[in-house]
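Each chain is listed here by its residues.
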Amino acid sequence: MAGKTSFKLDNFRSTVLKFGLARTNRFEVIIATPPGVATDGGALVSLMCEQTNFPPLNIATKPFKIFGPTYQRPITSEYGGDGISMTFHVDRNMDVRKMFERWMNLIVDPVTFTVNYQQNYVSTIRIRQHDEQDNITHEVELLEAFPRNINLMDLNHNSTNQTHRLNILFAYRYWRAIDTDTTTTPTPIPRMIQQPQVISPDTRLTSGLTAREANDARRDFALTDPRRLDI
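Quick caveat: nothing in here was measured; it's all calculated off a predicted structure.

Calculation criteria
Residues numbered from 1 in each chain as written. Predicted model: local features only at pLDDT ≥ 70, side-chain atom pairs only at ≥ 80, totals over all residues. Heavy atoms only, no water. Phe/Tyr/Trp six-rings, centres within 6.5 Å; stacked < 30°, edge-to-face > 60°. Helix = DSSP H or I, 4+ residues; strand = E, 2+ residues; numbered from the N terminus. Buried < 20%, exposed > 50% of the residue type's maximum accessible area, 1.4 Å probe, protein only. Lys, Arg positive; Asp, Glu negative; His and termini not counted. Salt bridge = Lys/Arg side-chain N within 4 Å of Asp/Glu carboxyl O. Polar contact = N/O pair within 3.5 Å; in protein donor to acceptor, adjacent residues only side chain to side chain. Contact = heavy atoms within 4.5 Å. Pairing = 2+ DSSP bridges.

A. Inspection of the packing of aromatic side chains at higher detail. Across all of its chains, the model carries eight aromatic pairs by this definition. Ring centres of Tyr 79 and Trp 175 lie 6.0 Å apart, and the angle between their planes is 85 degrees; this geometry places the pair in the edge-to-face category. Here Tyr 79, found in the loop between β4 (71-78) and β5 (84-89), pairs with Trp 175, found in strand β9 (residues 174-177); they are 96 residues apart in sequence, far enough to count as distant. For Trp 175, a relative accessible area of 12% puts it in the buried group. Pairing Tyr 121 with Phe 146 gives two aromatic rings, centres 5.5 Å apart and planes at 85 degrees, and the pair type is edge-to-face.

B. Structural detail: unusual backbone geometry. The phi torsion at Met 94 lies on the positive side, around 60 degrees, for a residue other than glycine. Structurally, Met 94 is set in the loop between β5 and α3 (95-107). Taking the relative accessible area as the measure of exposure, Met 94 reaches 26% and is therefore partly exposed.

C. Focus on the environment of Asp 154. Tracing the chain through its elements places Asp 154 in the loop between β7 (136-150) and β8 (165-171). With 12 residues separating them in the primary sequence, Asp 154 and Leu 166 have C-alpha atoms 9.7 Å apart.

D. Structural context of the side chain of Asp 91. Inspection of the secondary structure puts Asp 91 in the loop between β5 and α3. Here Asp 91 occupies a buried position and makes no salt bridge, while the nearest side chain of opposite charge, Lys 98, is found at 7.3 Å. Within the structure, Asp 91 has its side chain in polar contact with the backbone nitrogen of Val 96 (distance 3.0 Å). Residues contacting Asp 91, with those up to four places away along its chain left out, are Leu 44, Met 48 and Val 96.

E. Looking closely at the pattern of salt bridges. Going through the model one piece at a time under the given rule, you end up with 11 salt bridges. Arg 176 is the salt-bridge partner of Glu 141, the closest N and O atoms lying 2.9 Å from each other. Taken together, the residues Glu 141 in strand β7 and Arg 176 in strand β9 connect sequence positions 35 residues apart. Within the structure, one salt-bridge network assembled from shared partners comprises Glu 28, Arg 126, Arg 128, Glu 139, Glu 141 and Arg 176.

F. Quick look at the pairing of strand β6 (residues 123-130). Along β6, six of the eight residues are buried, which leaves the element largely enclosed by surrounding structure. The sheet contact formed by β6 and β7 spans seven bridges and is antiparallel. Bridge assignment links Arg 128 to a residue of β7, and that residue is Glu 139. The antiparallel pairing of β6 with β7 creates a hairpin that spans five residues between the two strands, and Asp 134 there sits at a positive phi of about 65 degrees.

Here is the structure:
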């Protein structure tokens, strides 16, 4: 026979009153723009942010089976770097939109269509959760972020009492939490190998032979190699 539930409404109510609940409208976005993109360092854009999200964190898995049910084994972490959406209010002079246009033109030149170096256009974006007293209770940092999409902005003569909203999709490499003990630092990816190591070929079997004789020698050695497995 099933037992009684352990849930009690009074316990839930007292816990909520003691610890409170995080509110979706208590947040702040800090966007550090690349040099030359915004004269105020992105302060206006940060202030105008109306809506965004905390980024996701997923564990990518691969099916693995030895015996019995299939087991999902973790292989890597995914930080949702394909894109995170942010919606901004737009000021009368359209400075918010103009800033993102300059930023995206810095990434890809609008005349030559050449792509800039990554270190010249990526930036850091911080998303903060506040409590009712404006204390920061949680903060994440998007690293190597840049805008990848500016959505359409509707224009309509019948919309007399409406204001513009600008939706921007940001791409980033990964994110990390600022207020936790766990630091997320993926292995740096080398952008360019200055002096690549070239492995010299083994010529012990083919020294002094013609090209055809060298190929025959390699074939004969492969057929007699004790490590060879016939499948």
